[in-house]
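# Residue-level structure breakdown
Now for the letters of each chain:
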Amino acid sequence: MLSFIARRSATGLLMLVALSVLIFILLRLAPGDPIDAYINPSVPMSASDLEGLRERLGLDRPLPVQYLAWLRAALGGDFGFSIQRSGVAVLPLVMERIGPTALLMGTGLAIAIVLGISAGIFAVRRNEPSDIALSVLSFIGISSPAFLTALLGLYFFSVLLRWAPSGGMQTAGAPFSMTDVLAHLILPACLLSIGHAALIMRYMRASLLEVLNQDYVRTARAKGVREFWVIIKHATRNALLPVITLIGSTVGIAIGGAIFLESVFNWPGMGLLLVNAVGTRDYPVIMGATLVIGVCVILVNLLTDVVYAVVDPRIQVA
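All values derive from a computational prediction rather than experimental measurement.

Moving on, we come to the overall build of the protein chain. When its secondary structure is counted, the protein chain shows 12 helices and zero strands. When the elements of the protein chain are put in sequence order from the N terminus, they spell out α-α-α-α-α-α-α-α-α-α-α-α. Dimensions along the principal axes, computed over C-alpha positions, put the protein chain at roughly 85 × 55 × 35 Å. Across the protein chain, contacts joining residues at least 24 apart in sequence account for 73% of those joining residues at least 6 apart. In the structure as shown, the protein chain presents an accessible area of about 17,400 Å², 69% of it carried by carbon and sulfur atoms. Charge separation in the protein chain, taken as the distance between the mean sites of 22 positive and 18 negative side-chain charges, equals 12 Å.

A separate point is the environment of Leu57. Mapped onto the elements, Leu57 comes out in helix α2 (residues 47-57). Classification of Leu57 as partly exposed rests on a relative accessible area of 34%. Residues Leu57 and Gly141, spaced 84 residues apart in sequence, show a C-alpha to C-alpha distance of 47 Å. When near neighbours in sequence (up to four residues on either side) are disregarded, Leu57 contacts Ile35 and Tyr38.

Relative to the helices and strands, Ser118 is located in helix α4 (residues 90-122). Classification of Ser118 by relative accessible area gives partly exposed; the value is 41%. When the C-alpha positions of Ser118 and Ala197 are compared, they lie 9.6 Å apart, and in sequence the two are 79 residues distant.

What follows covers the packing of helix α10 (residues 251-265) against helix α11 (residues 270-280). Running from N to C, α10 and α11 cross one another at 80°; their axes reach a closest spacing of 7 Å. In terms of axis orientation, α10 runs roughly perpendicular to α11. Where α10 approaches α11, its residues Ile259, Glu262 and Ser263 are matched on the opposing element by Met270, Gly271, Leu272, Leu274 and Val275. Its residues placed into classes, the contact of α10 with α11 shows five nonpolar, two polar and one charged.

Quick notes on the rules
- Residues numbered from 1 in each chain as written.
- Predicted model: local features only at pLDDT ≥ 70, side-chain atom pairs only at ≥ 80, totals over all residues.
- Heavy atoms only, no water.
- Helix = DSSP H or I, 4+ residues; strand = E, 2+ residues; numbered from the N terminus.
- Contact = heavy atoms within 4.5 Å.
- Areas by Shrake-Rupley, 256 points an atom, 1.4 Å probe, with all protein chains shown as cover.
- Lys, Arg positive; Asp, Glu negative; His and termini not counted.
- Charge placed at Lys NZ, Arg CZ, Asp CG, Glu CD.
- Buried < 20%, exposed > 50% of the residue type's maximum accessible area, 1.4 Å probe, protein only.
- Axes fitted to C-alpha atoms, helices over the stretch in contact; angles between N-to-C directions.
- Parallel < 35°, antiparallel > 145°, perpendicular 65-115°, else oblique.
- Nonpolar A, V, L, I, M, F, W, Y, C, P; charged D, E, K, R; others polar.

Shape is all these values report; function is a separate question.
Here it is as structure tokens:
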């Protein structure tokens, strides 16, 4: 187990380095000059002032040298300072946004897992009304873009019906309350779960249908075991492996959906921070936030591989 974790950690580290190189290059290929983000339009600057600023920031050096300088500082925990928030270090700024995003994503994925697995079990009987209805709903959920789901959900449930707050993590000016946070959380979390619940339902249903044709399931039926217990006790556990794979691989997709939801609902998480940083060309924040998100995705995928062995002891990770 330890050797497996070490190998996967080394692979994850290489992926992080590749991700940082890719984002660094893409930011440098963006239209305009990176120095523009550091210029205050209300303060006139001469050509010599611009050249001095470029030299002070290291932007006059070749790109490989710039990247290695950034990587050396990042390995020491120094991701630089935000351009738009002068004097504010990037790492604490990013770390304080992890909690709200983890709360939103964790709640959304928990809802998706419960609904998806339950619906997949319920829809296992082919061509029955429940199977047809859930299949239609799952196709609608899978094909609905995150931004469209967020906008429609905000309009119907917050604007028209007024069932939920329209944005933020808590009521402005009100004292902190978990009830208030949950009231703001429930709508974006449910909207985030729609597409993932539909996908999990499809995988769970397909996996169950395959497992239910196995010999040991037919043997359980021949012994007189009720169909409900055949599905729950004998088939579900083995059918969960593809679903676990799917859950681990959808974390990155969930982060993309969370970016849209946080923007629409003004949720103070990593997604909103990243969108604002892209809009203001705050390059240090973009680099820092992207790497933190990459670390989270890699850790979740590592955890997913370990869970395989817990669900099915036949799988060896050593």
